Amino acid sequence: MAAEIQEKRVIPKEVANAQQEIWKFILGFTPTAVVKCAIELRIPDILENHETPMTLADLASEIGCNQSSLYRIMRFLIHYKIFQEKLVSETSVVGYALTPLSRLLTRHGENSMADLVLLESTPVMLAPWQKLSAWVLDNKQLPFDAAHGTDLWGFTAGNPEHSKIFDAGMACDARVGVAAVIEVCPEVFEGLKTMVDVGGGDGTALRLIVEACPWIHGINFDLPHVVAAAPATRGVEHVGGSMFDYVPKADATYFMKVLHDWTDEDCIEILKKCREAIPQDTGKVIIVDNVIGQKEDHEYVGLMIDMVMIAHTTNGKERTLKEWSYLFHEAGFTRYTIKRLQTYHSVMEVYP
Ligand SMILES: C[S@@+](CC[C@H](N)C(=O)[O-])C[C@H]1O[C@@H](n2cnc3c(N)ncnc32)[C@H](O)[C@@H]1O
Ligand SMILES: O=c1cc(-c2ccc(O)cc2)oc2c(O)c(O)ccc12
């Protein structure tokens, strides 16, 4: 039966547009929630392991679920380009297939971000968002502390299961960042005999760096409970301690997603400890992190992570180049260079 559709304009176009756009904010959490559901159901892995596009019936049977609920999940995710529909070759049968986005959501892929989706979706990481406005109003209790009665590091120390989820989530971004540094500016690691990754988490970044640059002896330095759970890795020594007490001596210190967790005062204290830990003539501090305010397409990533810093850290923040430069100067360093990568990361090399 053919329907006659009439569009009647009774409200101004910009109001009508706003009335549509506002839904991105009202239900903006739904893509994250449904992507999490797809990862938990292993849909990206199942499609990756299947040579041809998979029919609804085959996918439902592999997952062990009913077709009608799966159909609605897949329809939603196709709309968001997480999956696509494709003809099974030489037939008229339509099946589901991966897209560039869902290739990043398999559980063990080289560039997988699945563990970071799962981390951000845990009740532990979601609860502090409820405390944002209270923090903006009084600037007293930090959102994470208000939700959990301790800061993130105290929480991970007392909750090994969440600590594991946190380390795995951070390792996703570390893999992407390190691959970009090694590809674009491998000279950063030339001539280094030893390098300490300060706040190196489970040692993923250092493992990849040492694999690519086997002349480096890596020291993965993190809180004792974090290194105690880190896997043993050839060429990497795990050392437990706090960067507020000392930083192990090495030719260079490396920071990735660590300084953004802390205030300017804390960062200056940590960087001063690094200056003492490296040779004054040949040493350097290598920082792989975001630099915001550069008018780049991926500025929104930095701005979102800045909000994450409010929700999850002890007054951490994303920094502009001017703000990074201030830290280096105050910690007694004399010069730095900066290289931008294709990802949202930048590499800063800072010299005594
Ligand atoms: C956001 S994670 C980054 C992990 C890793 N660098 C990466 O890029 O995936 C911050 C790390 O800093 C560590 N950390 C927190 N406080 C620390 C301290 N006082 N001394 C050393 N490491 C610390 C945490 O345990 C965590 O592994
Ligand atoms: O939840 C996060 C996420 C990040 C993060 C992820 C990806 C990036 O490129 C940068 C940062 O970092 C965090 C962090 O440093 C932290 O202390 C707590 C939570 C998160």
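Just above sits the structure.
What counts as what
Residues numbered from 1 in each chain as written. Chains lettered and ligands numbered in written order. Predicted model: local features only at pLDDT ≥ 70, side-chain atom pairs only at ≥ 80, totals over all residues. Heavy atoms only, no water. Pairing = 2+ DSSP bridges. Helix = DSSP H or I, 4+ residues; strand = E, 2+ residues; numbered from the N terminus. Axes fitted to C-alpha atoms, helices over the stretch in contact; angles between N-to-C directions. Near = heavy atom within 4 Å. Polar contact = N/O pair within 3.5 Å; in protein donor to acceptor, adjacent residues only side chain to side chain. Areas by Shrake-Rupley, 256 points an atom, 1.4 Å probe, with all protein chains shown as cover. Nonpolar A, V, L, I, M, F, W, Y, C, P; charged D, E, K, R; others polar.

Undergrad: Could you clarify how one ought to interpret the sheet that holds strand S6 (residues 252-256) in this entry?
TA: In any sheet, the strands associate via hydrogen bonds between backbone groups, in a parallel or an antiparallel arrangement. Pairing in this open sheet of seven strands is mixed, and the strands run S5-S4-S3-S6-S7-S9-S8 from one edge to the other. Since the sheet does not close on itself, it has two edges, and those belong to strand S5 (236-240) and strand S8 (335-340), each with one partner. Neighbour-to-neighbour, the strand axes of the sheet open up by a mean angle of 20 degrees, direction not taken into account. Examined bridge by bridge, strand S7 (residues 284-289) and strand S9 (residues 346-351) share five bridges and lie antiparallel to one another. The partner of Val285 across the bridge, within S9, is Val350.

Undergrad: Looking at this structure, I do not really get the site of ligand 1. What am I missing?
TA: Gly199, Asp222, Met243, Met256 and Lys257 are the nearest of the 19 residues found near ligand 1. Ser242 is positioned with one of its side-chain polar atoms (N or O) 3.0 Å from a nitrogen atom of ligand 1. Residue Lys257 places a side-chain N or O atom 2.9 Å away from an oxygen atom belonging to ligand 1. Calculation on ligand 1 without its partners gives an accessible area of 600 Å², and the protein chains cover 96% of this total. If you tally residues by element for the shell around ligand 1, the top one is helix H12 (residues 160-184), at three residues. Tallied by class, residues from the shell around ligand 1 come to eleven nonpolar, five polar and three charged.

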